[in-house]
Every structure is written in structure tokens, then in C-alpha cells.
Amino acid sequence: MKKTCFIALFFLTNVLMQTLAQEKINLSGQWSFALDSTDVGVNEGWYARTFDESITLPGTTDDARKGVPNQLTPQLQKPQVLHLTRNYSYVGVAWYKREIVIPSSMAGKPLMLEFERVMWESRLWVDGKEMTAAQETESSQTQELKGSNSKKQNNSLTTPHRYELPDGLSAGTHILTLRIDNQKLYDISVNNLAHAYTNDTQIMWNGVLGKMELTALPTIYIHNIAVYPLVAEKKIRVKANIEYRGKKSTKVTLQTQAVHTQTFIEKLLTKTVLNIGRQTIEYDYPMGDDVKLWDEFNPELYTLSVTCQKGKETATKATSFGMREVKGEQGFLSVNGNRVFLRGTLECCIFPLTGTPPMTTDGWEKVFSAAKEWGLNHLRFHSWCPPEAAFQVADRMGFYVQVELPNWSLTIGQDEGTSRFLYDEFGRIVREYGNHPSFCLMSVGNELQPDFNFLNGMVKHMKNADNRRLYTTTSFTFEKGHGGHPEPEDEFFITQWTDDGWVRGQGVFDQEPPCFNKDYSAATQGISIPLISHEIGQYAVYPNLKEIDKYTGVLNPLNFKAVKQDLQQKGLYDKADLFLQASGKLAVRLYKEEIERAMKTPNFSGFQLLDLHDFPGQGTALVGLLDAFWDSKGLTDASYFRQFCAPVVPLARFAKATYSGNESFAASVEVANYSGQDISKGHVVWTLTDGQGHRIAEGKLTDTTLYKGRINQLGQITADLKAVKQADRLTLDIRIEGTQWRNNWSVWVYPVLESIDQGNVMITQDVAEALTALKQGRKVLLSPRIDHLKGLEGKFLPVFWSPVHFPKQAGTMGLLCNPQHAALRHFPTDMHSDWQWWHLVKRSKVLVVDSIPVIQPIVEAVDNFANNRRLVSIFEARCGEGRLVFSAMDLLSACSDKPEIQQMRYSLLQYMNSKDFAPTVQIGEADILSLIDEQQTEVKTDATSIYK
């Protein structure tokens, strides 16, 4: 039996709020304050001393401009380029003190003090007496590690710090003194990179971020309610942790009721006996036949309230939950029986105005709204756990969240204190946030090493302690003998490669010519649990220097300012936005293929991008299409991104990016449907259009049901390319009529060139021959052998992650050209690299031309921000009486089988034989010879070179 009782709910809620308000004291506001950098305060009795300075809490020492002021200036060197710089830095002990007034209504009652989000250790004194941290419900494993000792300090990085005063305080004025030490307590990460404790993303702040309050506790107090949805049985299992402070055991009534918006589910009354102290009462509560389930498409939420009553004494606790069951069955991830595909990105506690995570839902709305706008349904919180407000927004918006312990350790299992802390932290996290339906996945940490016996044991403990989500030992690992296959206790598997190959583009896109008919099936054979690809992407984008003005908070973008200063000194600042656009638009192309390969793989359960937005630390890893503020950089728009990153994605498999005009184009069409419902009679239509929008071919595939939870194969399409008479970029567009779902791809077609008229241009690989011809006043197209050129290795992929963090890489960031340049009139291109450039780039060197006059590039390369060199692939110049086009892309050695190479040579020759060819910059023979070294040893790198 259900009924709508909105007025009654409003009345009861307000009565409850008024009652609570009378029994709570808000501790936020002005506190007196002192820094204790030498940590003498405890021994010298600072808890009884007055402090001259003041600070506002919630807040941090950085907010208050306390600590050591920054003295660094913008320089392209460490530490400036490692991450954003704190304006005021402090790591050590700080003391906070304030008066409180206890009203007579609270006098003598037990008290609980709560400080939400503290880094790292806190201790509390009241009237000069140190208090004891509130008791935590601990697992047997934690107790075994820990032993039986009560502690005075709190040390959680993720959950509120609480203190109990069992005897309460008298009415009147009292003094609270809070000591916070943000120095590193445990070995949770290598080089302080774990995002729970770092200066690379959030900062090592000192203070309190969230709720601060003192609460009077009744005789009966409900500490915690854990809700376990039993979806198939249409009920929940309730575990209420209740403390009774009476003198002897007593009978009480538990009243339980769930509310969905304005609808009440019938109350459940349970009689039970409370013993003195804390106990957990467990019972089932029916949710009714028309129970509403929670998932990404229907994020239905309930509020459960439990009231414990003994005569006139009552205690009430409420919690939000959703009816959600996550499983990893038959190698697939499912929610409530429906297969899901995670389209995720990392969140690494990047909040560049404050250096701290938001503690209100307003602060998290932008994060989740931006992720949703760009087609995502999943966030992985890398080596940290967000606060309560983040889970509330994720619940409401239907996001699947992966939480990690504050752990990025290469010494896992080797220190008992750290192990104890991690077990404790797990217990605190699931107790504090475990009811949230968005909290679906949990990992012990990121890229952990070396002790997998410890990790498997910990995951076994986690599964036994709380089965409401799936667990894994680590989000990938580089440990030998591990990482390529799941661990025995893993319930899902995150990796960048398996024992059978790569499952992300880093190991593919620069090694294999472009093809769009592949997926990762070969590498995923035999994996029997859900597989999620680890940190895909990491394609560096040149810094957006216009972003500098956005840093108005506690962090100074010295890394960005150093890049700007360097460009200005080198006369390249006017190209900064072009560098951004060229590198960024290449990244868009790469992210599209990354995501589509994942979605084409039948036994994939999702991907985790690194990253949709920028990562300003670890050597300034600007890998996002959005900046660190979750704002677009203007590289593409969200609607385009959602074509290939959405619940439903049309997909095409075809063999290559470039074609000759005497070939046919063929593709197989698929639709990945993870929308949670079948699409009946899906009308799938396709068109192939030329650069002017004229249709070359079109068709409609047989109407069929597009089944949910699978990749639906729809058949083949073909098109004759003989109608293409000049070089052109074609667009294949596939859409499902009557829906928002569509996708498109570019292919390039070049007419067959039986012979190329070189006119009066000399074409040569030989430098000496070229110099002789230039002396004679001739026009020369010089394309030396690649192994005779000085320069950087030709790479199609841009910098991986960061040129500072991973210096062992070629370091270029894609091509930059003017599509309207007359030399490219017959070579269709945008201003940036795309797939038709792959063979040209891979058969090239990138010339460093800082030491010669500022030449006129036809095709240049974007250098990484750590070097900012002038880089070119093709340039024009005058030399002596002659005119030169110098191509570091090999146009002569092996071009017969690649139509795009022939077409580039044709386009350059057409230009050189026209009146447009009139270079103005004069260079000398020595300048040309400075680019040549016929005795050099060529160096080749691969996808794993950065790790060596």
C-alpha cells in the first residue's frame, strides 16, 4: 500500500530540521591560528595558548595566504614545468582555535565533533584536554593488523574526522583547539603522485574543507545505515549500527520507511533489544512490486529513514540509495541485468582555482555535466576518493563511479603501517559512501607493485566485507608476471595490454598503417571477467596560453607563463594558437579511433580516457580536449564527440584511409547499442559525399532490430570511386533515421597518375646534384634519403602524456600547414595531421631549422612546449640563382604503392611550375648542408620506448 503525502513529508522534515538545529553547533567561521613548522606545539602546550593570527574555516592555509610565498619565476625548467605552482606553500603542523558556547539544552549530553575532509592527521583538545577519535566499526582483518588500541588522532584522507566527548560539556564557554599535520604519514605513492596527497593536481593543503559541526547525541544514536539492494527479490537488506547509552538492555521499536520523490512505501515496524554500547541490527525491507531501478538512463533514488524509539526517546537516521545490482557475468559488465559499456574518463582531483575538491554539489555539477555532455557515463577517481557531494551528483545524473584507495605505491604490502591504513581507509570509505548507487567499482589503487599476494588478499577481504560493487587489485600494473591477465580475486580487469597484445592505440597507431576494420578481439581472448582499457589516449595538446588569465586562485600557472615567454623570445608567439589547434585537432582524430576500436570489440566492457580534460601536473600533461576547468578549448564540439562516444554508435569497418581512383570503397556497418533497450526496425542509411557535398553513392540497409547490449552487424556497403576525377576528401555518413545517432568518417581518393610531368623542375635525392642545379638558376625539388637527413624521427602520434615526464620520445605534436597554400592545391588537407598524412610522416624526418634563416614552411611540425623549436617537413627558399623546395618527407624512394605520396609530389610540381612559386627567403649552401648527415645512425623508437 502506497500513498502520496507531500505536505506531511514537508512538515516532518521541517520539524526534524528544527530539532536537529537545536542540538548542533556550526563550527565554521573565524578561528585563531598559528603555524608550527618545527612541531613543538604539543610539547610546549600550544593547546592552552592564544594565537595572534586568524583564519577562516572551512578553508586552507593557501586560501589565507599563509606559509612560504612563491619565489619562482616563469622558466622552462623544473620545478616550474612539473605542475602549477602554489602561491603560498605550507607542509607541516598548523593549530586552529576557537571558543564555543554550549547551551543549557546540550549541557551534559555526549557530543560528536565532525570535520569533513582533512589532510592528513588531526588531533583535538577541548579546554586543554585531548579528545579521543570516534570509534570506528572495524573488520576482523583490520583489527588483526591493528591490534587493540584506541587512538586520539584521525588520519583519513577521504572521510570526515570525528571526535567523541562521551561525558559532554557543561553549559557555557569552552575552547576547541585543532591540530592538523599535513605531512606524509604513510608510503602510499611514488614521488607523492597519488592524487589524494600530491602537489601535481590538488595541493598538499592544510585546513578543513567541508562541514564542521558539533552535535549532541541522544541516549539512542544511529551511527550508520548500510543499505544492500536485493534487486531480484525486490527488497533491501538494512544494517543499522546503533549505540545505546542506557544503564541496561532495553526493548525498542525500529520504524523503517523508504520514499521515492513523493511516494511513501509502507512502514516496517521491527521490535528488537538494544544492549549497552554499539551493535548492528540487520533485517530485510520489502520495496514493493513496482520498485524503480537505478541506472544511467533512469537514475531513480530512494531515501530510507530508520527511527529507533523507546518511549519518548527517538533517534532517526536517513540515507539515500538506489536499487542497483552490478555484476560481471560471462565477461561482461551488467547493471540490473542489462549489459553496460563504460565510456569513462579520469578525475584526478584537478581543481586549479582552489587546489582542493569541491565540498558542495554545485562544485561537482560542472564536472559531471561536462562529462555527460561529451557522451560519458563513467568517472574513475584515480588514486583518491571524492567527498559526499560528488556521489550525490553522480547518483542524480546516473554516472558509474570507480573509487580507488589513496594508493599509487611501488612498495605495496611491504610496510605494516601503510597496510593497516589502507584496510582502515577501505572500511571508512564503504561505510561513509557505500549506499550510493553510483559507487559501482573499486580498485586498491593505481599501477601498484610489487606484492600481489597482499593485493589479492585485500580484494578478498573487500569482497567479503561489502558486496555492493565489483573490486580489482589494481588499475593496471607494470609488475613483471602481472598486468597481462586478471588476478585470481579480480572481479574486473583494467589494463593497457594483455598477454596477447595492446588494447589501446598507443601500441598500434604509430606502428601500423591506418586501418579501420580492426578491434582488440585478438588481445582479449580468454579474458573471463569484464575488461576495461586503461588510460587510453594521453595525446598531448599544445598549451592554450589564453588560459593563463583564468588562474585567479591559489595556483600560479608558471608552466604556461614560461611557454609564453619562450615563444615570445623566439618570435613564435603569433603561432601559439595555431600550435594549439593543429595538435588538438589531431588529438580529436586519434581519440575517435581509440574509442571506436574499443566499441567495436565484442568482449570489451569500456574504456577510461586519460583524459577528456587537461592534467596540469606530472610535467604539464595537457592531454585534454577540455582544459583543467572543464571548459572547451575549441578543438571540436561535444555534439561531434558524441557521434562516436554515446550509448548508441554507428560504426564502419574499412581497410584504409587512402584510395586510388581505380579502386572501390567497401565497408561493413555495425551499430553498438548499449542504450538499455532494443531499437526496433532500425532504419540505417548511408551516404558517401565529395568535398563539395555531392553524393557519390548512397544506400539503405535492411531494417532490423538493433538489439541492446551488443554490436549489431548490418552488412556491407560499396561504392565505385571512378567518378572521382581529382584528389578529394570524401565523407562517409551513417545514421539511424528518426534518432539522434549518426557518425561519419573521412577517406581520401586520388586519381591514378600514370606519369607525372615534372616540367622544368629537377627532382633529386642527391644534395650535390641539387646544389649544382641551384647554382645554374634552376628549380629543384630536393627529397633526400631519410637516413641522410639530420632531424627528429617522423612520428604520426604526438607527444605521449608529457615531454617532461617522458623525455625519451621524438617530441613532435603533429603537422601544421595552410590548406590554402598553392603548393597544397592538389593535396586535400586541413591545417593539421589526419590519416592521409600517415605514410608521408612515417617516411620522413622532421628538420630542426633554428640555425638557418627563418624560412617559408609549406608543411611544418609542431614542437612540444619544452623545446619550442622551429620544425619543418617541407619548405621553400631561394638558393643562389635557383629556387628550391626541400622535402624531408621521402617523395622518391618508395612512392609507387602509396597514392598520397604520388599526389604530394604531383601537387608540389604543379606549384613549382606555376607563377605562384616565388619564394622570398634566401638561404645558402651551408644552410642546406647543415640539414644533411650521411653517416648518422638512425634511431627508431616504439610505443614502449618511453618506459625504458
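Just so it is clear, the structure is predicted and the values come from calculations on it, not from any experiment.

Focus on the side chain of Arg428
By the secondary structure assignment, Arg428 is in helix H5 (residues 416–433). The residues contacting Arg428, other than those within four sequence positions of it, are Glu136, Lys151, Asn155, Ser156, Thr159 and Phe421.

Considerations on the sheet that holds strand S27 (residues 332–335)
Strand order in this open sheet of three strands is S26-S27-S28, and the pairing throughout is antiparallel. Where the open sheet ends on each side, the last strands, each with one partner, are strand S26 (326–329) and strand S28 (338–339). Note: S26 against S27, four bridges, orientation antiparallel. Along S27, the bridge assignment pairs Gly328 with Leu333.

Section: the packing of H5 against helix H6 (residues 452–465)
The geometry of a pair of packed helices is captured by two quantities: the angle between their axes and the separation between those axes. Packing of H5 against H6 brings their axes to within 11 Å, and their N-to-C directions diverge by 25 degrees. As far as their axial angle goes, H6 and H5 are roughly parallel. At the point where H5 passes H6, the crossing takes the right-handed sense. Of H6, the residues touching H5 (which contributes Ser419, Leu422, Tyr423 and Phe426) are Phe454, Gly457, Met458, His461, Met462 and Ala465.

Considerations on the packing of helix H3 (residues 361–373) against helix H4 (residues 388–397)
Where H3 contacts H4, the two axes come as close as 9 Å, and the packing angle between them is 40 degrees. By the criterion of interaxial angle, the relationship of H3 to H4 is oblique. For the crossing formed where H3 meets H4, the hand is right-handed. On the side of H3, the interface is formed by Thr361, Trp364, Glu365, Phe368, Ser369 and Lys372, while H4 contributes Ala389, Ala390, Gln392, Val393, Ala394, Arg396 and Met397. Looking at the contact of H3 with H4 residue by residue, the classes come out as seven nonpolar, three polar and three charged.

Concerning the packing of aromatic side chains
Under the counting rule described, the total for this entry stands at 49 aromatic pairs. For the pair Trp364 and Phe368, a centre-to-centre distance of 6.2 Å together with 45 degrees between the ring planes defines the contact as tilted. On the criterion of helical spacing, the pair formed by Trp364 and Phe368 is a turn pair, its members being four residues apart in helix H3. What makes Trp364 buried here is its relative accessible area of 0%. Look at Phe368 and you get buried, because its relative accessible area is 0%. Grouped by ring-pair contacts, the aromatic residues Phe476, Phe478, Trp497, Trp502, Phe800, Phe806 and Tyr947 constitute a single cluster. Note that Lys239 overlies the ring of Tyr228, its terminal NZ or CZ placed 4.4 Å from the centroid. Above the plane of the ring of Phe439 lies Arg469, whose end atom (NZ or CZ) is 4.0 Å from the centre.

Focus: the layout of surface pockets
Taken as a whole, the second largest pocket holds about 590 Å³ of empty space. Around the second largest pocket, the lining comprises 29 residues; the ones closest to its centre are Trp408, Glu447, Gln618, His805 and Phe806.

Observations concerning H4
Summarising burial for H4: seven of the 10 residues are buried, a large majority. Restricting attention to buried positions, one finds in H4 the residues Ala389, Ala390, Phe391, Val393, Ala394, Asp395 and Met397. Those residues of H4 hidden inside the fold are in contact with H3, strand S31 (400–404), H5 and strand S32 (439–443). Backbone geometry just downstream of H4 places Gly398 in the positive-phi region, at approximately 75 degrees.

Description of empty space enclosed by the protein
Under the criterion given, the structure shown has eight cavities of 30 Å³ or more. As for the largest cavity, its lining consists of 20 residues, and the residues nearest its centre are Lys795, Leu797, Pro798, Phe800 and Gln809. In terms of residue class, the lining of the largest cavity is made up of eight nonpolar, eight polar and four charged. Here the second largest cavity defines a volume of roughly 80 Å³. Forming the walls of the second largest cavity are 13 residues, and the residues nearest its centre are Lys795, Gly814, Leu815, Val841 and Val846. Per-element accounting of the lining of the second largest cavity gives the leading share, four residues, to strand S53 (residues 812–817).

Quick notes on the environment of Val939
Residue placement: Val939 occurs in the segment after helix H14 (925–929). Since its relative accessible area comes to 57%, Val939 is described here as exposed. Each C-alpha atom of the pair Val939 and Thr474 lies 34 Å from the other, and the pair is 465 residues apart in sequence.

A short note on the sheet that holds strand S19 (residues 235–244)
Sheet architecture is open: three strands sit in the order S18-S19-S23, paired in antiparallel fashion. Sheet topology places strand S18 (220–230) and strand S23 (277–286) at the edges, where each strand pairs with a single neighbour. Between one strand axis and the next, the sheet turns through 20 degrees on average, direction left out of account. Note that S18 and S19 share 10 bridges and pair antiparallel. Each bridged residue has a counterpart across the sheet, and for Ala226 the counterpart in S19 is Lys239.

Description of the nonpolar core
In terms of nonpolar packing, the biggest core is built from 199 residues, with Trp364, Phe368, Met442, Phe641, Leu688 and Trp837 touching the most fellow members. By residue number, the principal contributor to this core is helix H9 (residues 576–600), which donates 12 residues. In this structure Phe368 touches Leu379, Phe381, Ala390, Val393, Ala394, Met397 and Phe399, once residues within four positions along its chain are discounted. Grouped together as the second largest cluster of nonpolar side chains are 30 residues, Phe33, Ile102, Phe115 and Met131 included.

Quick notes on unusual backbone geometry
Negative phi values dominate among residues other than glycine, just as trans dominates among peptide bonds. The omega torsion of the bond from Leu57 to Pro58 falls at 0 degrees, within 30 degrees of zero and hence cis. By the element assignment, Pro58 lies in the loop between strand S4 (53–57) and strand S5 (59–60). A cis amide bond links Met119 with the next residue in sequence, Trp120, at an omega value of 0 degrees. By the secondary structure assignment, Trp120 is in the loop between strand S10 (111–115) and strand S11 (121–126). The phi dihedral of Gln538 falls on the positive side, at around 60 degrees, and the residue is not glycine. Within the secondary structure, Gln538 is located in the loop between strand S37 (531–537) and strand S38 (555–556).

Quick notes on the rules
Residues numbered from 1 in each chain as written. Predicted model: local features only at pLDDT ≥ 70, side-chain atom pairs only at ≥ 80, totals over all residues. Heavy atoms only, no water. Helix = DSSP H or I, 4+ residues; strand = E, 2+ residues; numbered from the N terminus. Contact = heavy atoms within 4.5 Å. Pairing = 2+ DSSP bridges. Axes fitted to C-alpha atoms, helices over the stretch in contact; angles between N-to-C directions. Parallel < 35°, antiparallel > 145°, perpendicular 65-115°, else oblique. Left-handed = near helix turned anticlockwise from the far one by under 90°. Nonpolar A, V, L, I, M, F, W, Y, C, P; charged D, E, K, R; others polar. Phe/Tyr/Trp six-rings, centres within 6.5 Å; stacked < 30°, edge-to-face > 60°. Buried < 20%, exposed > 50% of the residue type's maximum accessible area, 1.4 Å probe, protein only. Lys NZ or Arg CZ within 6 Å of the ring centre and 35° of its normal. 1 Å grid on protein atoms, 1.4 Å probe; cavity = no way out; pocket = protein on both sides within 12 Å on 5 of 7 lines; lining within 4 Å. Points joined across faces, edges and corners; volume = space filled by probe spheres on them. Core = buried A, V, L, I, M, F, W, Y, C linked by side-chain atoms within 4.5 Å.

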